[in-house]
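# Descriptive analysis of the structure
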Amino acid sequence: QVQLVESGGGLVQAGGSLRLSCAASGRTFSRYGMGWFRQAPGKEREFVATLSWSGSIYYTDSVKGRFTISRDNAKNTVYLQMNSLKTEDTAVYFCAAGRTIVSGRLVPVDYWGQGTQVTVSS
């Protein structure tokens, strides 16, 4: 079992930065691929970034060059550094864990966090 708890969301002006954290419980954290998804109001949940257990990284096109995913296995934590934020980045951001990555995405997602709100104002 893996439990995920996100933190670091908030309100920021366009062009600003936030860093999301996802603390994971469980001894097998390092064996999981970790990812971030987001869901804006009225839209489906979408893939943002994935970091495999071996270090491979994938991003959705809209965040490439602005967001950075990283992990600290010693702290059982995965991060999402978000720079140059845009109003269209406003969403609830979810941390996810899974053992299989298909086309850069965790498929399926075995565990979800509860989500953290990110709001970018103009």
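Report follows, based on the coordinates. (Residues numbered from 1 in each chain as written. Predicted model: local features only at pLDDT ≥ 70, side-chain atom pairs only at ≥ 80, totals over all residues. Heavy atoms only, no water.)

## Focus on the nonpolar core
What counts here: Take the buried residues of types Ala, Val, Leu, Ile, Met, Phe, Trp, Tyr and Cys, join any two whose side-chain atoms come within 4.5 Å, and each joined set is a nonpolar core. When a residue's accessible area, from a 1.4 Å probe over protein chains only, is under 20% of the maximum for its type it is buried; when over 50% it is exposed; and in between it is partly exposed. Secondary structure follows DSSP: runs of H or I at least 4 residues long count as helices, runs of E at least 2 residues long count as strands, and numbering of each begins at the N terminus. In what follows, a contact means two residues having at least one pair of non-hydrogen atoms within 4.5 Å.
The biggest cluster of nonpolar side chains holds 29 residues, and the ones touching the most others in it are Leu4, Met34, Trp36, Leu80, Met82 and Tyr93. Listing elements by their share of this core, those giving two or more residues are strand 3 (18-24), strand 4 (33-39), strand 5 (46-51), strand 7 (67-72), strand 8 (77-82), strand 9 (91-98) and strand 13 (116-121). Setting aside residues no more than four positions away along its own chain, Tyr93 makes contact with Glu6, Leu20, Trp36, Phe37, Arg38, Val48, Phe67, Leu80, Met82, Gly115, Thr116 and Val118. Grouped together as the second largest cluster of nonpolar side chains are five residues, Phe37, Phe47, Ala96 and Val109 included.

## What to know about the pairing of strand 13
Heads up, the rule is: Here, strands pair whenever DSSP counts at least two bridges between them.
Side chains Thr116, Val118 and Val120 of strand 13 all project onto a buried face; the interleaved residues Gln117, Thr119 and Ser121 project onto a face where none is buried. With four bridges joining them, strand 2 (residues 10-13) and strand 13 adopt parallel strand pairing. The residue bridging Val12 from the neighbouring strand is Val120, located in strand 13. Alignment of strand 9 against strand 13, held across three bridges, turns out to be antiparallel. Considered in strand 13, the bridge of Val92 is made with Gln117.

## Brief notes about the side chain of Arg71
Heads up, the rule is: We treat Lys and Arg as the positive residues and Asp and Glu as the negative residues; His and chain ends play no part in the count. Salt bridge, as used here, is a side-chain nitrogen of Lys or Arg placed within 4 Å of a carboxyl oxygen of Asp or Glu. Each polar contact in these results corresponds to two N or O atoms within 3.5 Å; when the atoms are within protein, one needs to be able to donate a hydrogen and the other to accept it, and residues that are neighboring in sequence are counted only if both atoms are side-chain atoms.
Topologically, Arg71 is positioned in strand 7. Asp72 provides the closest opposite charge to the buried, unpaired Arg71, separated from it by 8.4 Å. There is a polar contact of 2.9 Å between the side chain of Arg71 and the side chain of Asn73. When neighbours within four sequence positions are excluded, Arg71 is seen to be in contact with Phe29, Ser30, Tyr32, Gly33, Met34, Leu51, Ser52, Trp53, Thr77 and Val78.

## Details of the sheet that holds strand 3
Note the cut-off: Only C-alpha atoms enter the line fits that serve as axes; for helices the fit covers just the stretch in contact. Angles between N-to-C directions range over 0 to 180 degrees.
The sheet built from four strands is open, its strands ordered 1-3-8-7 with antiparallel pairing. Each end of this open sheet is capped by a strand with a single partner; those strands are strand 1 (4-7) and strand 7. Each strand of the sheet is rotated relative to its neighbour by a mean of 15 degrees, with strand direction disregarded. Taken together, the four bridges between strand 1 and strand 3 define a ladder with antiparallel strand orientation. Note that in strand 3 the partner of Glu6 across the bridge is Cys22.

## A word on the environment of Tyr58
With respect to the secondary-structure elements, Tyr58 resides in strand 6 (residues 57-59). By relative accessible area, which is 33% here, Tyr58 ends up partly exposed. Once the C-alpha coordinates of Tyr58 and Arg105 are considered, the two residues, 47 residues apart in sequence, prove to be 7.8 Å apart. Here Tyr58 is in contact with Phe47, Val48, Ala49, Thr50, Ile101 and Gly104, once residues within four sequence places are set aside.

## So, the packing of aromatic side chains
Each pair of aromatic rings is reported with the distance of its centres and the angle of its planes. Put simply, the rule is: Any two of the Phe, Tyr and Trp rings considered here, Trp counted by its six-membered ring, make a pair once their centres fall within 6.5 Å; the pair's planes then place it as stacked at under 30 degrees, edge-to-face at over 60, or tilted in between. Here, over-ring charges are defined by two tests on the NZ atom of lysine or the CZ atom of arginine: distance to the ring centre within 6 Å, and angle to the ring normal within 35 degrees.
Throughout the structure, instances matching the rule amount to four aromatic pairs. When the centroid spacing of 5.9 Å and the interplanar angle of 70 degrees are considered together, the rings of Tyr32 and Tyr111 count as edge-to-face. Of the two residues, Tyr32 sits in the loop between strand 3 and strand 4 while Tyr111 sits in strand 12 (residues 111-112), which places them 79 residues apart along the sequence. Like Tyr32, the residue Tyr111 is buried in the burial classification. Ring centres of Phe37 and Trp112 lie 5.0 Å apart, and the angle between their planes is 65 degrees; this geometry places the pair in the edge-to-face category. In this pair, Phe37 sits in strand 4 while Trp112 sits in strand 12, placing the two residues 75 residues apart along the sequence. Assessed through its relative accessible area of 9%, Phe37 is described here as buried. Taken together, the aromatic side chains of Phe37, Phe47, Phe94 and Trp112 make up a single cluster linked through ring pairs. Here the basic side chain of Arg45 rests over the ring of Phe94, its NZ or CZ set 3.6 Å away from the ring centre. The ring of Tyr32 carries Arg99 above its face, with NZ or CZ at 4.4 Å from the centroid.

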